[in-house]
Amino acid sequence: EEVLDQDFHIEEAVDWPGVNLKLGQVSGLALDPKNNLVIFHRGDHVWDRNSFDSSFVYQQRGLGPIEQNTILVIDPSNAEVLDSTGKNLFYLPHGLSIDKDGNYWVTDVALHQVFKLGVHDKEPLLILGRSLQPGSDKNHFCQPTDVAVDPVTGNIYVSDGYCNSRIVVFSPNGMFIMQWGEETSVGKAKPGQFRIPHSLTLVPEFGQLCVADRGNGRIQCFRSETGEFTREIKHKLFGRELFAVSYIPGGLLFAVNGVPYPGDIEPVQGFMMNFSTGEIMDTFIPVRKSFEMPHDVVASEDKTVYVGDVHAKTVWKFTSTEKMEHRSV
Ligand SMILES: O=C(N[C@@H](O)C(=O)O)c1ccccc1
């Protein structure tokens, strides 16, 4: 008897011209309320071995802020640049997210700050952290990596960062509320311990915040109201590093891992998972060009997925194609 298998595969949209956009190091991706793709990139600045001293103080202030527009609004179908902003503000862009009102929230690892930018305002509406001053108290971050804003409470979640190991929560007007997390002790990483909390995604339907725990190669999720650990999602296929995570309503979780260390076998790729079970449903890699350091991933409800790469200086678009497979039983 013939059985039709409804099977979804994530494949690169090879006709999307966005892979040819002239970008700097792509650090952050987000979708705005109109489902446009928004790209946060570093223009002519790069993060390399000389960017920071051993106390995480940025060493290249002499370059001045990036003069190019670091925030580009891209038409999701033809990759046209619809709008661009964010020049003369940032030194080393990192995370980007967009709240339900369309405000841009970004982190800068050189400034050690988080910015709220209104779509039509030149001046930032809110700045958290002290410019160029790394630290780990309520007023200082150390290379903060990402920011997410709860659509219900308006609370601000910051993953802090390369040189801290915590999630910090602020009220909508920037008052410190709470923090959780600690650095990973020797041996097996415990719940609530981080080795670079690198990317955040809210899971509003389940009241959770999930974190790409980069150096522990895993995703950790927490109750967003209390910071209580709820679960870990980890697969051998992730390899050593898990860079970014993105949830879409309906229960799908997307992620990208890091390039394999010498001798490791787990390839660099994208993952589509069932949030409830944690199981991997599909993996994906580009057809054109290759992943070099996939750094952020964002997905829309119709399972369109974008991946930004900080070394390839490229953004790829992937879509979910339905393969009808015939099999006889
Ligand atoms: O991870 C690194 N960078 C990327 O995540 C990034 O560019 O955001 C990095 C680490 C050490 C030295 C230089 C760069």
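In this report, the structure presented in the accompanying data block is examined. Model, not experiment: these values are computed from the prediction.

Analysis parameters
Residues numbered from 1 in each chain as written. Predicted model: local features only at pLDDT ≥ 70, side-chain atom pairs only at ≥ 80, totals over all residues. Heavy atoms only, no water. Near = heavy atom within 4 Å. Polar contact = N/O pair within 3.5 Å; in protein donor to acceptor, adjacent residues only side chain to side chain. Nonpolar A, V, L, I, M, F, W, Y, C, P; charged D, E, K, R; others polar. Core = buried A, V, L, I, M, F, W, Y, C linked by side-chain atoms within 4.5 Å. Buried < 20%, exposed > 50% of the residue type's maximum accessible area, 1.4 Å probe, protein only. Helix = DSSP H or I, 4+ residues; strand = E, 2+ residues; numbered from the N terminus. Contact = heavy atoms within 4.5 Å. 1 Å grid on protein atoms, 1.4 Å probe; cavity = no way out; pocket = protein on both sides within 12 Å on 5 of 7 lines; lining within 4 Å. Points joined across faces, edges and corners; volume = space filled by probe spheres on them. Disulfide = S-S within 2.5 Å.

With that settled, the discussion passes to the site of the ligand. The full set of residues close to the ligand is Arg-42, Trp-47, Arg-49, His-94, Tyr-162, Arg-214, Met-293, His-295 and Val-310. In this structure, His-94 approaches the ligand through a side-chain N or O atom, which is 3.5 Å from an oxygen atom. In this structure, an oxygen atom belonging to the ligand sits 2.7 Å away from a side-chain N or O atom of Tyr-162. By residue class, the composition of the shell around the ligand is 4 nonpolar, 2 polar and 3 charged.

Judged by nonpolar contacts, the single largest core of 22 residues is most densely connected at Val-38, Tyr-58, Ile-71, Leu-96, Tyr-104 and Val-106. If you list the elements that add at least two residues to this core, you get β3 (37–41), β4 (71–74), β6 (93–98), β7 (104–108) and β8 (113–117). Val-106 has contacts with Phe-40, Ile-71, Phe-90, Gly-95, Leu-96, Gln-113, Val-114, Phe-115 and Val-147, leaving out every residue within four places of it along the chain. Formed by 19 residues, the second largest nonpolar core is a distinct cluster that contains Leu-252, Val-268, Met-272 and Val-297.

Another aspect to go through is the layout of surface pockets. If you add up the space inside the largest pocket, you get close to 850 Å³. Around the largest pocket sit 33 residues that line it, and Leu-31, Ile-98, Thr-201, Tyr-247 and Val-298 are the ones nearest its centre. Those elements that provide at least two residues to the lining of the largest pocket are β2 (26–31), β6, β10 (144–149), β16 (197–203), β20 (242–248) and β24 (294–299). Tallied by class, the residues present in the lining of the largest pocket amount to 20 nonpolar, 6 polar and 7 charged. In this structure, the second largest pocket spans a volume of roughly 450 Å³. Lining the second largest pocket are 15 residues, and of these Trp-47, Asp-48, Arg-49, Tyr-162 and Arg-214 lie nearest its centre. Class assignment for the residues of the lining of the second largest pocket results in 7 nonpolar, 3 polar and 5 charged.

We now examine the state of the cysteines. Per the stated rule, a full pass over the model turns up 2 disulfides. Covalently, Cys-142 is tied to Cys-163 through a disulfide, its sulfur atoms 1.9 Å apart. Between Cys-142 and Cys-163 the disulfide shows an S-S torsion of about -95°. By sign, it is left-handed. Highlighted residues: Cys-142 in the loop between β9 (126–128) and β10 and Cys-163 in the loop between β11 (156–160) and β12 (166–170), separated in sequence by 21 residues. Accessibility classification places Cys-142 together with Cys-163 in one group, the buried group. Sulfur-sulfur distance for the disulfide between Cys-210 and Cys-221 comes to 2.1 Å. In this structure, the disulfide formed by Cys-210 and Cys-221 twists by about 105° around the S-S bond and is classed as right-handed.

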